[in-house]
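Residues per chain are reported as follows:
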Amino acid sequence: MSDEVPEDEPVVEDVPVEEVQEEPEEERDPLEVALERAEFAEKEIAYKEAEIQNVRKRLMAEKSEIIQYGGMGLARRMLTILGDVDRTMAGIDDDDESPVAQGLRLLRNKMWHELQADGVTAIDAKGAAFDPSKMEAITTIPASEAYAAGTVVDVLEQGYMYKSKVIVVARVVVASE
């Protein structure tokens, strides 16, 4: 055997491998590192405290609204009954003194007073400017000297508010150009 390298094998030369030396980071003062971490933690704590306060405020506002408007559903249902009583009373003469007529008037007055005590108010629409947030225009008629354009001429169905929210829109006739 000879020291010769066969021709079909590649020749590998020994190449010196350079060692990569990592430069050591500057050693930081442990007190400095601790102070930075404490400052970061203080900022995070302040942020979380502010977030907690915002959540508390939002929950208190939601709770207050739920308490304030909790009776709105019942008031809406009672107003449908009041509307039925009003339609029934439309067929009764004002001078009718029968027990049924007196009972219907008494029932209507008591229901209305209880609803008012809970915060229900009627929307005053006739003669007022049309307000689409409280009213629904069922039809329009031409404006006249008595009613300018955009004025409510007639109320077809009474509207109601519960405190500051509309629970039944007023259905009205509006004067238009």
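To start, this report covers the structure provided alongside it. (Residues numbered from 1 in each chain as written. Predicted model: local features only at pLDDT ≥ 70, side-chain atom pairs only at ≥ 80, totals over all residues. Heavy atoms only, no water.)

If you check helix α3 (residues 99-117), its first and last C-alpha atoms are 27 Å apart, about what 19 residues at 1.5 Å a residue would give, namely 27 Å. Of all the residues in α3, the buried ones are A101, L104, R108, M111, W112 and L115. End-on view of α3: buried residues confined to an arc of 100°, all on one side of the axis. Turned more than 90 degrees away from the buried face of α3 sit P99, K110, H113, E114 and A117, all of them exposed. In this structure, the buried side of α3 is in contact with α2 (72-90), β1 (120-122) and β4 (160-162). Positive phi appears at G119, one or two residues downstream of α3, with a value of about 110°. (Helix = DSSP H or I, 4+ residues; strand = E, 2+ residues; numbered from the N terminus. Expected span 1.5 Å × (residues − 1). Buried < 20%, exposed > 50% of the residue type's maximum accessible area, 1.4 Å probe, protein only. Arc of directions from axis to C-beta. Contact = heavy atoms within 4.5 Å.)

What follows concerns the layout of surface pockets. Volume-wise, the largest pocket comes out at about 320 Å³. Forming the walls of the largest pocket are 13 residues, and the residues nearest its centre are G83, R87, E157, Q158 and Y160. At the level of elements, α2 and β3 (152-157) are the ones that each hand at least two residues to the lining of the largest pocket. Broken down by element, the residue count for the lining of the largest pocket peaks at seven residues, all from α2. (1 Å grid on protein atoms, 1.4 Å probe; cavity = no way out; pocket = protein on both sides within 12 Å on 5 of 7 lines; lining within 4 Å. Points joined across faces, edges and corners; volume = space filled by probe spheres on them.)

Here we come to the environment of Q102. Tracing the sequence through the fold places Q102 in helix α3. Since its relative accessible area comes to 39%, Q102 is described here as partly exposed. Of note is the side chain of Q102, whose polar atom sits 2.9 Å from the side chain of E97. (Polar contact = N/O pair within 3.5 Å; in protein donor to acceptor, adjacent residues only side chain to side chain.)

The values are spatial; any link to function lies outside them.
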